[in-house]
Amino acid sequence: MERVLAETLLSQSRDPRVLLGALCRGEASAERVETLRFLLQRLEDAEERGGGGDAGALPEAAREVAAGFLVPLLRGLRGRPAGGPDPDLPPRDRRRVLRAATAALRSCARLAGGPQLAAALVEEALRDLVAGGPAAGAEAAVEVLAAVGPCLRPREDGPLLERVTQAALALALGADGERDEAGPAEDTAELAAGRLLPALGQCGGAALRAVWAGLVAAGAPSGPGRVGPRLLVLSALAERLLPEPGADRGPGADEEVPDARRCGRFWRTVQAGLARAPDALTRKRARYLLQRAVEVSAERGAPCACGPREGTGPSLFWWSEKKKDELLKFWENYILIMETLEGNQIHVIKPVLPKLNSLFEYAVSEENGCWLFNPSWHMCIYKRMFESENKVLTKEGVIHFLELYESKTLPFAPELSEFIIGPLMDALSESSLYSRSPGQLIGSGSPLGLKLQKFLVTYVSLLPEEIKSSFLLKFIQKMTSRHWCAIPILFLSKALANVPRCKALGIEGLLALRDVLQRTMITHQILLRGAAQCYLLQTAMNLVDVEKVTLSDVSTFLMSLRQEESLGRGTSLWTELCDWLRVNESCFGQASACSPTGLPEIPSLNAYVKNLVQEYITLPAGEREDCFMPDWFEAKLVAMMVLLAVDVEGMKTQYSEKRRTQNVLRIFLDPLLDSLLKLGTNAYMPVLRADRCLQLLLKLLHTCMLTGSGARDDEVFTLLQSFAMSATESVSDFILRRLTMNELSSVSDLDRCRLYLMVLTELINIHLKVGWKRGNPIWRVISPLKNASIRHLQEIDSGQEPTLARQIQRVVSMAALATVCEAVDQKPELQLDSLEPGPTERFLASLPLNHTLQKPHPEEHSSFSEDSAASQGWGKVVAQYIHDQWVCLSFLLRKYHTLIPSSEGDVPDPVLPAVQMPARTLQSALGALTVLPSDQVLPVFHCMKVLVPKLLTSSESLCVESIDMAWKIISALSNTQLIFWSNLKAFVQFVFDTKVLTIAAKIKGQAYFKTKEIMYKMIEMSAIKTGVFNTLISYCCKSWIVSASDVSQVSLSSAKNYSELILEACIFGTVFRRDQRLIQDVQTYIENLGHDCAANTVIENTKREDHYVRICAVKFLCLLHGSNMSHKLFMEDLAIKLLDKDESVSKSRTRYYVNSQQHRLKNRVWQTLLVLFPSFDQNFLNRIIDKIFQAGFINNQASIKYFIEWIIILILHKFPQFLLKFWDCFSYGEENLKTSICTFLSVLSHLDIITQNIPEKKPVLKKALVIVLQWSFSHNFSIRLYALAALKKVWSMCKALCVEELESLTSVIESSLNQVENMPGTGNAKKNWQRIQEHFFFANFHPVQDYCLETIFYILPRLSGMVEDEWIAIGKFTRFTDIPSDAGFQWYLSPAHLCELKPGDWAQQDVGSHSGEADSHSEWTDVQKKIIPWKNNAPDLDLELVFQDRVAKLGKSISRLIVVASLLDKPTNLGGLCRTCEVFGASALVLGSLQCVRDKQFQGLSVSAEQWLPLVEVKPPQLIDFLQQKKTEGYTVIGVEQTAKSVDLTQYSFPERSLLLLGNEREGIPANLIQQLDVCVEIPQQGIIRSLNVHVSGALLIWEYTRQQLLRHGGAES
């Protein structure tokens, strides 16, 4: 059309200057500028053909047009005021004007007859580009440079060309790749890379070399977001940097052009794009460059290598004609895998993963076992999988990599080690990867964790010895480089612990392991934390080279372990450590520095420990006497090393005399014992030394007594006890002196006070274990200590000025009294007075409660540091004082609880005011709760436990206030792990005390409702903090068991008022989040390891799992007996509430699906009803039988149906009189029974069990046969199936009993059954009949014999498809010892046949018989093969004229829409697209080959549309030139592609001249064509599948274009 217009204009005027002048006058509209472009291009063509007319006039006219019209126009577009277009011009029209003006300017430069105009235009545009300014100006400058730049001369204009190239490259690489959204600067950068640089590349080798030098100098990209601009530039210049043989390279073709294939930085950029690029478009460009390099290499055939080899591995890229087939095969598979990974869907990617194995086979030489291909290419694939947002794909990639060494042995490569320590470990930090596989049992271990262990063992074993140490050190250091979750650090530690022994780590490795240990401490999962510590210690023992570390290094490392979580004495880990020390005792290295004694450190363990104790006891020189109490770290270290050395010695003398152990221990501890014996008599012994000795004594006793410390007659512990007892007199005298003689006078001395009292308590316990004797040293100390403490408190209360020393002595005295009271309370043998209240009791009972210690006045001789410490920590001191006061008070209340009156007025003159005035004391307790910190409220709770039952009747509101205040404290503590559980236990013991519950239920006042409110709040809290409900239900059930065993109807009937608690416990259990379930799975796995993991030995199993709530309730119910009326009423009330709960859940609108919360609740309801069933009598069943039958009519999940059917069978078996009601269930209308009749038919399948207690069975059989025959003719297949199963059972019973009345039916029934049994074919009917007969409920299950807890809670949920969270193994019932087991209840399953069944035995799914055929097909049938086309030659067509001629002949109106489908290759898509284009009036459909129109599939879809629609052939290699030609004609090139800057279809306004480019069915639009697009449009999606069929996508855009054009034309006409 443009050519026709140009010819028409030229035909009207012989002088083109006149035409040009006319077009340059007036407003610079898009149409005017485009017409000018058409005319100039026509003149340019005529000039080239030699028919341009006046040779001098035309150049002059071109210069005038450029200087007078186009340059001012472009200046205006660049933001300058002169001669610009309308400032309100829309962006689309502005770009149209810009494109037409620059194309016209290019023609002017060529027509001007010299290089001066081109150079001047480039200089001006370059200045604008370098100067910056608005984005619109930069865009216009880039367009001018792209248009005019190719007109420069390569040699003469070389410097200018180089400057332009550098500026363009700087602009292209300067885009911020980290941006989330595209901006103007990034648009300009892409324009420079996509248009300007390729245009400059046509100017010859100099420009290309300048670009290449800039790219190479930039180095490898520093981040994932920075690789995009480089790949954009490289893909734009791919035709120049990777030229095909014989390709026209433009001017200067004889010059040397860079070959990108030989540059390592080029390949590293490509790899970065493949593996790390965040967006799909950048990754596509990287794949395009790789494939082009491969195909260019194949076509050239010449050898090629990427520079010098790095290290000993192969080059990043190389080519050899001899290996052409292998190379093509490798790269073909490689690109296929990378393209498939873009799908991000595991079902698409999994079939391609076997090809990844073949890549490794290609990559390793069969001749010498060396790498042929650089393994970094393989690592790119794994990196891409690890970076996927689809965690399933990430897990698949990790597992695939870990399985590499299972079937093959790969040669060592540094890239592999770097990949393991980098991306692989980063991927392994994701906890969700360690989840169980489908079908795995809970506690069976993580498949990925086990594969990681196997991989690391194999990989390290294959490493060269010189590499092994550095690899393991980096591996461990990587574990310290981030915050790991508990599960990844556990499995990484376990994998390290299994690495075979080798001398790989020195002191640096030991320090790294210590850092990892410290990382494990941040997790709240104590068991996982302890297990990780065990494995890290085993790692140290396996991998540390003992010659490179000293015993001092080892002991410091061991102190990083928590002995209460992992390294407990007597555990298998302790024994393993002792054996390691024994074996390596003489091999440890010596310290370079000397010890404080001046002697070099001796590596012998005994000598080291002896020296360690001696150094510890010896006071360091220059140590101040008034300094703070020493840190506990040294005492812990010395105690642990002493016990380790003694146990090592015990191993050496295992079969010889045991006296040697005693001698060794005495040698070690002689300095300690000597110091302890002098404590009581040597008044000049330094306090610091005395404190250190007492700390060591305490730590020795505690470390030796840790859980799992072995037999009670442990020789070492006995020896330690004897040592402590021998020093008791001296130590106790020292403690008495220090506590009572005003020697403790500063705030820091309170730590010493706590130390002395801990030692005193420990000595009391030792003497009680050995045997208490009056007159022993402890006995002689307790009474003076108590009296002195009271005296001090009385003296201070006399009104003396509160100095720091006096106040500290007061706190010390109260702490001493509290310790004495606790000791006396726990050990009645220590009672010093008679039961009558003495002076001590009267003094304690008269103390002012919650008395705040006045802050002391600063003393004249006190130091500033003492005053500062007293000022800062005085609040803690006061809190400790009040805490100790309440400890003493709780002792008094428990001792004299019989003296507590029920009201204040009962005791006019109290001897013990705090005891005999309980309301005032409880009020003070409320005040104490507001003052004390949360970790000090326990004694107040203990007091409340005694006071509340006494006052609940008379002072209910005060008691309710106390309960409410205590609950607020517990609620606030829910996130505090250390003190929460002890406080919660004390809270439950006083709020849910049996007396409190009984009185509250009796008066039915505020306390009753407050208790129930707190009960439900605790249940609610359990959903967040597992174990809260466990504490509550365990305490309540244990307290009720006592009354139940005493057959106390009053107490249990009071428990009936709280039957909601048992109800909630029976149905309790939350649906855990995936991460919570994973933690529970791993904890179960660790627990299943038993004593093999020391953490299981030293960490007490708290039984806080949700299962134990139900277990506790069920075991409690099993202890109740129906013969006891109180028990019977309680269970009946619970059963009614359970049925009501089931009904309410059934009526709930909450979504009900398999394993949903609703399903689980109903499942637990019916499990509990089955447990209660033996206590039901006929009268009670009369009340509930209708509800049970009604439950059978509800549409339930399979497991619920089995339980309902089971309980109905048991009812009918035990009470046959309910059969009449059961027959009535079959009389409902068939419409109401469609989903439920199968439940009752299943019951009839066990008719032999139902009729066991019926003497006359024939009437029952007749009735059953009539009903079953009736339902055997149902139109519903499932009902017929169940009816036939029941018919088979009933008829077998009829034949066995020889029922004569039914003989007439024999032939009919037996022929029907035979027909079902011998059903021909292999259809679903026959399979389902076989399946129902093999179903466990019909074939194996016996409702009476299999009645036991194991069937109810484990076997039936497992066989019925319940999630594993609902399986409660019988072992958990036996391990839960808080509630005793009822010997009369059948706990275990006697026949083992149900235990041996698997769900698959009766619920087999149809599996195709050819499921494994995919592997036998040819290599390419299971995946999509993708091809990336590029340019060959451009067609020489005037398409617009062709379109217009065709339309004129057809006589129809068309749009200006061109649809380009050259990349499509499926005839069905092309045929449908042809039909759509013709219907909506597209101007043309562009095809890759016109031969496709002859295809029958094409014709079947097009229905002759090809006859009425202009079809044009443009082969894929010709598309770039075709698109560029259409751009110059004013078309906007639109791509249907999802990119970072795609425009939503609903938001995009189509220009009239639109060219729609459709991508390939599999690959989409290739990278080299995407940069030719003006805009990418994407179709908004709301589903899961990522893409539409290409024909559908094209049809949606064609219709949207048509709709917009119709609206515009309609608006214009109106």
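What you are looking at is a predicted structure, and each value in this text was computed from that prediction instead of being measured.

Definitions and limits used
Residues numbered from 1 in each chain as written. Predicted model: local features only at pLDDT ≥ 70, side-chain atom pairs only at ≥ 80, totals over all residues. Heavy atoms only, no water. Phe/Tyr/Trp six-rings, centres within 6.5 Å; stacked < 30°, edge-to-face > 60°. Helix = DSSP H or I, 4+ residues; strand = E, 2+ residues; numbered from the N terminus. Buried < 20%, exposed > 50% of the residue type's maximum accessible area, 1.4 Å probe, protein only. Lys NZ or Arg CZ within 6 Å of the ring centre and 35° of its normal. Arc of directions from axis to C-beta. Patch = residues over 30% accessible without salt bridge, like charges linked within 9 Å, V, L, I, M, F, W, Y side chains within 5 Å. Areas by Shrake-Rupley, 256 points an atom, 1.4 Å probe, with all protein chains shown as cover. Salt bridge = Lys/Arg side-chain N within 4 Å of Asp/Glu carboxyl O. Pairing = 2+ DSSP bridges. Contact = heavy atoms within 4.5 Å. Axes fitted to C-alpha atoms, helices over the stretch in contact; angles between N-to-C directions.

What to know about the packing of aromatic side chains
(1) Moving on: This structure, assessed with the given rule, holds 65 aromatic pairs.
(2) Moving on: When the ring of Phe1353 is compared with that of Phe1373, the centres are 5.5 Å apart and the planes differ by 50 degrees; the resulting orientation is tilted. With a gap of 20 residues between them, Phe1353 in helix H66 (residues 1349–1359) and Phe1373 in helix H67 (residues 1370–1375) connect regions that are remote in the sequence.
(3) Moving on: Exposure remark for Phe1353: the relative accessible area of 2% places this residue in the buried category.
(4) Moving on: An aromatic cluster of three or more residues is present, and its members are Phe360, Trp371, Tyr382, Phe386, Phe401, Tyr405, Phe419, Phe455, Tyr459, Phe471 and Phe475.
(5) Moving on: We note Lys1004 situated over the ring of Tyr1008; from NZ or CZ to the ring centre the distance is 4.8 Å.
(6) Moving on: Over the face of the ring belonging to Phe1173 we find Lys1214, whose NZ or CZ atom lies 5.5 Å from the ring centre.

Overview of helix H72 (residues 1519–1528)
(1) Moving on: Of all the positions in H72, only Leu1519, Ile1520, Phe1522, Leu1523, Lys1526 and Lys1527 are classed as buried. In an axial view of H72, the angular spread of the buried residues amounts to 165 degrees, which keeps them on one side of the axis.
(2) Moving on: The positive-phi residue at the C-terminal boundary of H72 is Gly1530, with phi of around 95 degrees.

So, a nonpolar patch on the surface
(1) Moving on: Together, Leu1588, Val1592 and Leu1596 line one region of the surface with nonpolar side chains, adding up to about 220 Å² of accessible area.
(2) Moving on: By the secondary structure assignment, Leu1596 is in helix H74 (residues 1590–1613).
(3) Moving on: When its relative accessible area of 35% is taken as the criterion, Leu1596 is described as partly exposed.

Re the sheet that holds strand S5 (residues 1511–1513)
In a beta sheet, neighbouring strands pair by backbone hydrogen bonds and run either parallel or antiparallel.
(1) Moving on: Strands sit in the order S5-S4-S3-S8-S6-S9-S7 across an open sheet of seven strands; the sheet is parallel. With one partner strand each, in any of the chains shown, S5 and strand S7 (1543–1544) form the two edges of the open sheet.
(2) Moving on: Of the pairings in the sheet, the one linking strand S6 (residues 1532–1536) to strand S9 (residues 1575–1578) comprises three bridges and is parallel in character. In the strand pairing of S9, Val1536 is matched with Val1577.
(3) Moving on: In the packing of H72 onto the sheet, contacts are made with strand S3 (1457–1461), strand S4 (1484–1487), S6 and strand S8 (1554–1557), and the angle to S8 comes to roughly 160 degrees.

Considering the environment of Met1131
(1) Moving on: Relative to the helices and strands, Met1131 resides in helix H53 (residues 1125–1147).
(2) Moving on: A residue is classified by how much of its surface remains accessible, and Met1131, at 2% relative accessible area, is buried.
(3) Moving on: Distance in space between the C-alpha atoms of Met1131 and Phe1173 is 9.5 Å, their sequence separation being 42 residues.
(4) Moving on: Residue contacts for Met1131: discarding those within four places in its chain leaves Leu1117, Leu1120, His1121, Gly1122, Leu1172 and Ser1175.

Quick notes on helix H49 (residues 1059–1066)
(1) Moving on: Taken across its eight residues, H49 has eight buried, putting it largely inside the fold.
(2) Moving on: Those residues of H49 lying buried are Ser1059, Glu1060, Leu1061, Ile1062, Leu1063, Glu1064, Ala1065 and Cys1066.

Brief notes about the pattern of salt bridges
Pairing between side chains becomes possible if they bear opposite charge and their charged atoms approach one another.
(1) Moving on: One pass over the full model with this rule turns up 53 salt bridges.
(2) Moving on: With its nearest N and O atoms 3.9 Å apart, the salt bridge here joins Arg300 to Asp259. Of this pair, Arg300 sits in helix H14 (residues 280–300) while Asp259 is found in the loop between helix H12 (238–241) and helix H13 (264–276), placing the two residues 41 residues apart along the sequence.
(3) Moving on: A relative accessible area of 34% means that Arg300 is categorised as partly exposed.
(4) Moving on: Taking relative accessible area as the criterion, Asp259 reaches 18% and is therefore assigned buried.
(5) Moving on: Between Asp674 and Lys678 there is a salt bridge, with the nearest N and O atoms lying 3.2 Å from each other. Pair noted here: Asp674 and Lys678 are both in helix H31 (residues 659–678), with a separation of four residues, about one helical turn.
(6) Moving on: Looking at Asp674, the relative accessible area reads 37%, which means it is partly exposed.

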